[in-house]
Amino acid sequence: MITTETSLTRKALSGKRVLITGTTGFLGKVLLEKIIREIPDVAGINLLIRGNKKHPEAHARFKAEILTSTIFERLRETDSEALEQFCEQKIQCIGGEITEPCFGLSDQDYQQLAATTDIFVNSAASVNFHEALDTALRINTLCLNNVADFAQDAGDIPVVQISTCYVNGYNNGIIHEAISKPTGQHIAVDEHGYYDVARVFGELQQKIAQVKASTPSPAQPDALTELGLREANRFGWGDTYTFTKWLGEQLILKRMIGKTLTILRPSVVESCYASPKPGWIEGVKVTDAILLAYAREKVSFFPARKAGVVDIIPVDFVANSVLLSMAEALNEPVASRIYQCCSGSQNPLGVERYVTTVCEEVRINWRKYPKLARKEPQRKFVLVNKGVFIGAIKVMKQLTTLWDRLRLRSATNKSKALKMVESTLKLANIYANYTSPYYVFNSDKLMALAAKMGERDQQLFPVDAAHIDWDRYFKEIHVAGLNHYGMEDRSKVEMPEALEEDRVESQLGENSQAPA
Ligand SMILES: NC(=O)c1ccc[n+]([C@@H]2O[C@H](COP(=O)([O-])OP(=O)(O)OC[C@H]3O[C@@H](n4cnc5c(N)ncnc54)[C@H](OP(=O)(O)O)[C@@H]3O)[C@@H](O)[C@H]2O)c1
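Residues numbered from 1 in each chain as written. Predicted model: local features only at pLDDT ≥ 70, side-chain atom pairs only at ≥ 80, totals over all residues.

### Remarks on helix α8 (residues 220–235)
The terminal C-alpha atoms of α8 lie 22 Å apart, and with 16 residues this matches the ideal 22 Å at 1.5 Å per residue to within 8%. Of the surrounding elements, those touching the buried residues of α8 are α6 (133–153), α7 (197–214) and α9 (240–255). Backbone geometry just downstream of α8 places Gly 236 in the positive-phi region, at approximately 115°. (Helix = DSSP H or I, 4+ residues; strand = E, 2+ residues; numbered from the N terminus. Expected span 1.5 Å × (residues − 1). Contact = placed C-beta atoms within 7 Å.)

Here it is in structure tokens:
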């Protein structure tokens, strides 16, 4: 019987050993923290972490890059000894590469991991729009073969695969928690209703090989990025990230027919709404890149569909959805499920309202956000429709380039006006598809799951965006969190002005993340 004291999620996960990938990333950290804080009876947490230059060994990387994160401040403040103890007794760090068969582990380590895992959450991905097609395919798509193999080798354990709502590609209207249909080049469907993506992989691999054979090494990354965008567009997606995530969904759905699989699709994941710290965020995410550019007076107008619904969901809601999905998968195995963790249908937030709220907050209270804005942004942020934007930016680029030429300015000494036009163009290339939405993500199935899990779980693991007060979130939580946590790394070193500018440029350009 469900009472207000019973948490089905805690009960389902009690005594279970969980394998998680992607915990050096944003969502992975929040999920890990929540498990430690709210599921103390979990038997163990295995973290698959790849080594990096600074920390080649997984455990060293865990200690240096995960455990030191401010996401654990609350746990540390409550009982730092208990946190240390939990980590020592229950967390196992495994140095592995998810794109390699058997994660690149020795036979013995692989068998050991398989024997000590009851459920697998795969959060690892490349969320970069500018990713080269071969890399994006490896990490967002093909590695799911290794995930499915592992699930089978571990005794047909459940898998929770983190995907993205934006696998909808160019589909418009209400987007349900179901398989998304490509709108471009035809892909045949098999007898189970899944798309025949094996043929697509073959075609893509051939094109990748051709590009590699015909392009000198230094130019290959750009050529493979271009190829990714071209192929994504051809099949019905705006970028390589969402295209390869869709391919990944298809691959794993097919590989896990008759097994236990939950695909969880978040929309644009932003700072914590409530727990463990309101406003906690890592780095500058998606729509925040535009806000940061505005705060730094690099952008003051942008293409957007004002009446569209921008779908933002706080990261704690996403971590909670993962936990509910895990519990359900353990309680009711052998099923294929798709959930969308989003706000569109529960609490729609208009593009215009969102942009006006955050930009005005920064403009009016800029002194409260010294890491975001160094002075008061002089202009209001203006949204224009795509057609107007394309015409206006073309003319502005011509005029500012001409002006720079007349003033004999070199490419390394561009005027502020030309830089502004270029930053706007760069950001528009990446984000314009997402600021002009003609679709609304629906989360009825996730809401039904939350209802099924009962009252206690709704309190402990809230997932319903209807409870979000958007004005409070943006004005009191998110912008402050972005300034405090998101810009954290930048504040550690006092950069000379010129270098600081370069860092912001790169933050706004190549390193910007996809509206994943
Ligand atoms: N952020 C969003 O707005 C958003 C929205 C919708 C869906 N999602 C999905 O949510 C999940 C988590 O996203 P996030 O924002 O947390 O991303 P993130 O901060 O970029 O983290 C990505 C994680 O994936 C790991 N990873 C990447 N390549 C790997 C590889 N080859 N082998 C092992 N690990 C690898 C990274 O490890 P390293 O540190 O070693 O690189 C990192 O831990 C992803 O599946 C993403 O598609 C995110």
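### Re the pairing of strand β7 (residues 260–266)
Counting buried positions along β7 yields seven of seven residues, so the element is predominantly enclosed. The pairing of strand β5 (residues 159–162) with β7 spans four bridges and is classified as parallel. Paired with Val 160 across the strands is Thr 262, a residue of β7. Two elements, β7 and strand β11 (residues 335–341), share seven bridges in a ladder whose sense is parallel. Bridged to Thr 260 within β11 is Ala 335. (Buried ≥ 20, exposed ≤ 12 C-beta atoms within 10 Å, placed from the backbone. Pairing = 2+ DSSP bridges.)

### With respect to unusual backbone geometry
Following Ser 275, the chain continues into Pro 276 via a peptide bond in cis, with omega recorded as 10°. Within the secondary structure, Pro 276 is located in the loop between β8 (268–270) and α10 (286–295). For Asp 156, which is not a glycine, the phi torsion comes out positive at approximately 55°. The topology assignment puts Asp 156 in the loop between α6 and β5. Asp 156 sits in the partly exposed class, given 14 other C-beta atoms within 10 Å. Phi at Glu 297 takes a positive value of approximately 60°, unusual for a residue other than glycine.

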